[in-house]
Structures are given as C-alpha cells and as structure tokens.
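Residue-level structural notes
Single-letter residue listing:
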Amino acid sequence: MNTVLEAEAAATIVVRRTIAASPAELFDAWLDPQALAIWMRPGSIRRTTATADAHVGGRYEILMEGDEASYPHHGVYQVIDRPRRLVFTWVSRGTGGRDSLVTVDFLPQGARTEVVITHERLPRDAGGAHTEGWTSALEHLAAHVAREVSR
C-alpha cells in the first residue's frame, strides 16, 4: 500500500525550449562543470559551482547559491547517449532528499535544437517550482550558447 501512496504522490513535469545551437553543443554544456556553473542559475541563484564525473554511474554535484541560502543538488548519470539523450537522478531539498529522475532529450530542428526536460518522481507539490527552475535554466543555457557562438 505504501508503494501506491508514493506513486500517487509523484509528479512528472516536462519543459521544452528550442535553442539556436546543435545537439552536440547543448549536450556538452550539460556535462561540462564550467559550463554548468555559468548557466545552471535558475531564478534568484547568483552563483553556481559544479562537479561532474561524466560517465554512466558517475556522480555530479551542483551547488546553487542565492542571496539567502544555498541549494545543493546531486545525482548519478544513468544514460549518456551523446548527443541525443542524458538521464540522471536528481536529489535536492526540493525532492525531499529522495531520488527523482531527469531525462534530457536533444531533438535536432535544422540549425536549432529542441531541448526537452522530463523530470519524474517529484513530490506532487514540487512540480511548479521545478517547472519554473528548469524553464529559467533553459533560458540561461540559450544565452550561454549564444555568447559562446559570438566569441
């Protein structure tokens, strides 16, 4: 019965954005700690630090720092299929310290790429905050790759 209750309490969100960059460029920005530290700053986050051991079974850690608090995140890479799909667990305060699952698909659209983030196994009341966070992060990712291209 507990399993049923947990399943009923789980939420899934999907966030999409089309970005003017290749799937490979965007995929690589998800695994490069220096790039993550630049664009993984949703909402009021002012500073991010990141580490990534980018192989299946490898761990990552992201520390987002806002004006009032720090927000640690960590997980394990489940699938790394460059440049098509990235799957990893996501653990944070927002997930109640439990594993949730993030799948990022990179869908070519000519010279652009649609990035689709599916975040599963979230606490039901965390869907809105994670939708806002991922939407903001993708805005920052788009700006980051635009700056890299103009260099």
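Summarised in this report is the structure supplied together with it. Within every chain, residues take consecutive numbers counted from 1 along the sequence as written. pLDDT decides what is reported in this predicted model: residues at 70 or higher carry local features, side-chain atom pairs at 80 or more are listed and counted, and totals for whole chains, interfaces and linings draw on all residues regardless. To get the side-chain values, take all heavy atoms of the structure and skip hydrogens and water.

Things to note about the nonpolar core
Counting 35 residues, the largest nonpolar core has Trp30 and Trp134 as the members making the most contacts within it. Secondary-structure elements contributing two or more residues to this core are strand E1 (10-19), helix H2 (23-31), helix H3 (33-39), strand E3 (59-65), strand E5 (85-92), strand E6 (100-109), strand E7 (112-123) and helix H4 (127-150). Those residues in contact with tryptophan 134 that sit more than four places away from it in its chain are Ile13, Val15, Trp30, Met40, Trp90, Val102, Ile117 and His119. Here, the term nonpolar core denotes a set of buried Ala, Val, Leu, Ile, Met, Phe, Trp, Tyr and Cys residues that are joined through side-chain atoms within 4.5 Å. Think of it in three bands: with a 1.4 Å probe and only protein chains considered, a residue is buried below 20% of the maximum accessible area for its type, exposed above 50%, and partly exposed in between. Think of it this way: any DSSP run of H or I at least four residues long counts as a helix, any run of E at least two long counts as a strand, and we number them from the N terminus. The contact rule is simple, with two residues in contact once any of their heavy atoms fall within 4.5 Å.

So, empty space enclosed by the protein
Lining residues are those with an atom within 4 Å of a point, where the points come from a 1 Å grid over the protein atoms alone and group into cavities, where a 1.4 Å probe fits but cannot get out, or pockets, open sets with protein on both sides within 12 Å along at least five of seven lines. Grid points are joined across faces, edges and corners, and a volume is the space filled by probe spheres set on the points. Summed over all chains, the structure comprises one cavity of 30 Å³ or more. Its boundaries defined by the atoms lining it, the largest cavity holds a volume of some 60 Å³. In terms of lining, the largest cavity is formed by Trp30, Leu36, Met40, Tyr60, Ile62, Tyr77, Leu86, Phe88 and Trp90. Elements with a contribution of two residues or more to the lining of the largest cavity: E3 and E5. Residues that form the lining of the largest cavity fall into these classes: nine nonpolar, no polar and no charged. In this count, Pro and Cys sit with the nonpolar residues alongside Ala, Val, Leu, Ile, Met, Phe, Trp and Tyr, while Asp, Glu, Lys and Arg are called charged and the others, Gly among them, polar.

Section: the layout of surface pockets
The computed volume of the largest pocket comes to approximately 390 Å³. Along the wall of the largest pocket there are 19 residues; nearest its centre are Pro42, Met64, His73, Ala129 and Gly133. Elements supplying a minimum of two residues to the lining of the largest pocket: strand E4 (70-81), E5 and H4. Here the element with the most residues in the lining of the largest pocket is H4; it accounts for six residues. Taken together, the residues that form the lining of the largest pocket break down as ten nonpolar, seven polar and two charged.

Concerning the pattern of salt bridges
The working definition used for a salt bridge is a side-chain nitrogen of Lys or Arg within 4 Å of a carboxyl oxygen of Asp or Glu. Enumeration according to the criterion identifies six salt bridges in this entry. One salt bridge in this structure joins arginine 47 and glutamate 65, with 3.0 Å as the shortest N-O distance. Highlighted residues: arginine 47 in strand E2 (residues 47-52) and glutamate 65 in strand E3, separated in sequence by 18 residues. Note on arginine 47: relative accessible area 45%, which makes it partly exposed.

Thoughts on unusual backbone geometry
Where the residue is not glycine, phi is negative for most of them; where a peptide bond is considered, it is trans in most cases. Cis geometry marks the peptide bond from arginine 82 to proline 83; its omega dihedral reads 0°. Note that proline 83 resides in the loop between E4 and E5. At arginine 121, a residue that is not glycine, the phi angle is positive and equals roughly 65°.

With respect to the environment of leucine 26
Along the chain, leucine 26 turns up in helix H2. Counting along the chain gives 87 residues from leucine 26 to threonine 113, while the straight-line C-alpha distance between them is 8.2 Å. Filtering out sequence-adjacent residues up to four positions away, leucine 26 remains in contact with Ile19, Ala21, Phe106, Thr113, Val115, Leu141 and Val145.

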